[in-house]
Amino acid sequence: QDRLVESGGGLVPTGGSLTLSCTAPGSTASLKGVAWYRQSPGKQCTRVALLTESGEREFADSVKGRFSLARDNAKATVYLQMDNLKPVDAAHYYCNTYPSGPRADCWGPGAVVSVSS
């Protein structure tokens, strides 16, 4: 459960929606704790959402009420549903194990989310 891969980025207009996926390739086991992060050029890597192994959900104030989380244990996938997107949400998005493992939270290109205005 330490090799998670994010996908599903794209370009959406302001107010639009987008769903990102986080999965462990090659595994059929359900995911445990998963955290979502985002980073834009010149900005820090910031956690925006958390789904703990026990099912608790936590969101950053900046996205609270607009982002939601769901998991599909059969597919070992966690989804980040992003609604009412704003230009400030444009960033590279990443998922990672929670609590943090050896992999950096913002690693690689991530899923690129662009919001037009």
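Anything mentioned here points back to the structure above.
Keep in mind that this is a model prediction, so the values were computed, not measured. (Residues numbered from 1 in each chain as written. Predicted model: local features only at pLDDT ≥ 70, side-chain atom pairs only at ≥ 80, totals over all residues. Heavy atoms only, no water.)

Q: What's the story with the nonpolar core in this structure? I'm lost.
A: When a protein is soluble and globular, its nonpolar side chains tend to lie buried together. L20, W36, F67, L69, L80, M82 and Y93 are the most contacted members of the largest nonpolar core, which totals 26 residues. If you list the elements that add at least two residues to this core, you get strand 3 (18–23), strand 4 (34–39), strand 5 (46–51), strand 7 (67–72), strand 8 (77–82), strand 9 (91–97) and strand 10 (111–116). Sequence-distant contacts of F67, defined by excluding residues within four places in its chain, comprise R38, F59, L80, Q81, M82, D83, L85, D89 and Y93. In this structure, A35, Y37, Y94 and C106 belong to the second largest nonpolar core, which totals 5 residues. (Core = buried A, V, L, I, M, F, W, Y, C linked by side-chain atoms within 4.5 Å. Buried < 20%, exposed > 50% of the residue type's maximum accessible area, 1.4 Å probe, protein only. Helix = DSSP H or I, 4+ residues; strand = E, 2+ residues; numbered from the N terminus. Contact = heavy atoms within 4.5 Å.)

Q: How should I be thinking about the pairing of strand 5 in this particular structure?
A: Sheet faces and side chains relate simply in a regular strand, where the side chains alternate between the two faces. Relative to strand 5, strand 4 runs antiparallel, the two sharing 5 bridges. Residue pairing across strands places W36 opposite A49, the latter belonging to strand 5. Counting the residues in the hairpin turn of strand 4 and strand 5 gives 6 residues, including G42, whose phi is positive at 80 degrees. Two elements, strand 5 and strand 6 (residues 57–59), share 3 bridges in a ladder whose sense is antiparallel. (Pairing = 2+ DSSP bridges.)

Q: How do you make sense of the sheet that holds strand 2 (residues 10–13) when you look at a structure like this?
A: Either a parallel or an antiparallel arrangement is found when strands of a sheet pair, and the pairing is made through backbone hydrogen bonds. Judged by pairing direction, the sheet is mixed, and its 6 strands sit side by side in the order 2-10-9-4-5-6 without closing on themselves. Here the strands that pair on one side only, and so sit at the sheet edges, are strand 2 and strand 6. Put simply, the sheet's adjacent strands are angled 25 degrees from each other on average, direction ignored. Sheet topology places strand 2 next to strand 10; 4 bridges connect them, and they run parallel. Among the inter-strand pairings, P13 is bridged to a residue of strand 10, identified as S116. (Axes fitted to C-alpha atoms, helices over the stretch in contact; angles between N-to-C directions.)

Q: Help me understand the pattern of salt bridges in this model?
A: Between side chains of opposite charge, a pair can form when the charged atoms approach closely. Inspection of every chain in the model, using the stated rule, returns 5 salt bridges. Between R38 and D89 there is a salt bridge, with its nearest N and O atoms 2.9 Å apart. Pair noted here: R38 is in strand 4 and D89 is in the loop between strand 8 and strand 9, with a separation of 51 residues, a long-range link. The two residues R38 and D89 agree in class, both being buried. Because the salt bridges share partners, they merge into one network encompassing R38, R66 and D89. (Salt bridge = Lys/Arg side-chain N within 4 Å of Asp/Glu carboxyl O.)

Q: Help me understand the environment of C106, please; the structure alone is not making it clear to me.
A: Relative to the elements of secondary structure, C106 occurs in the loop between strand 9 and strand 10. For C106, a relative accessible area of 18% corresponds to the buried category. For the pair C106 and Q44, spaced 62 residues apart in sequence, the C-alpha separation works out to 9.3 Å.

Q: In this structure, what is going on with the state of the cysteines? I would like to understand it.
A: When the sulfur atoms of two cysteines share a covalent bond, that bond is a disulfide. A full pass over the atoms with the stated rule returns 2 disulfides. Disulfide pairing is shown between C22 and C95; the S-S distance is 2.2 Å. Across the S-S bond linking C22 and C95, the dihedral sits near 85 degrees, which makes this disulfide right-handed. Of this pair, C22 sits in strand 3 while C95 sits in strand 9; the two residues are 73 residues apart in sequence, bridging distant segments of the chain. Since its relative accessible area comes to 0%, C22 is described here as buried. Looking at C95, the relative accessible area reads 0%, which means it is buried. (Disulfide = S-S within 2.5 Å.)

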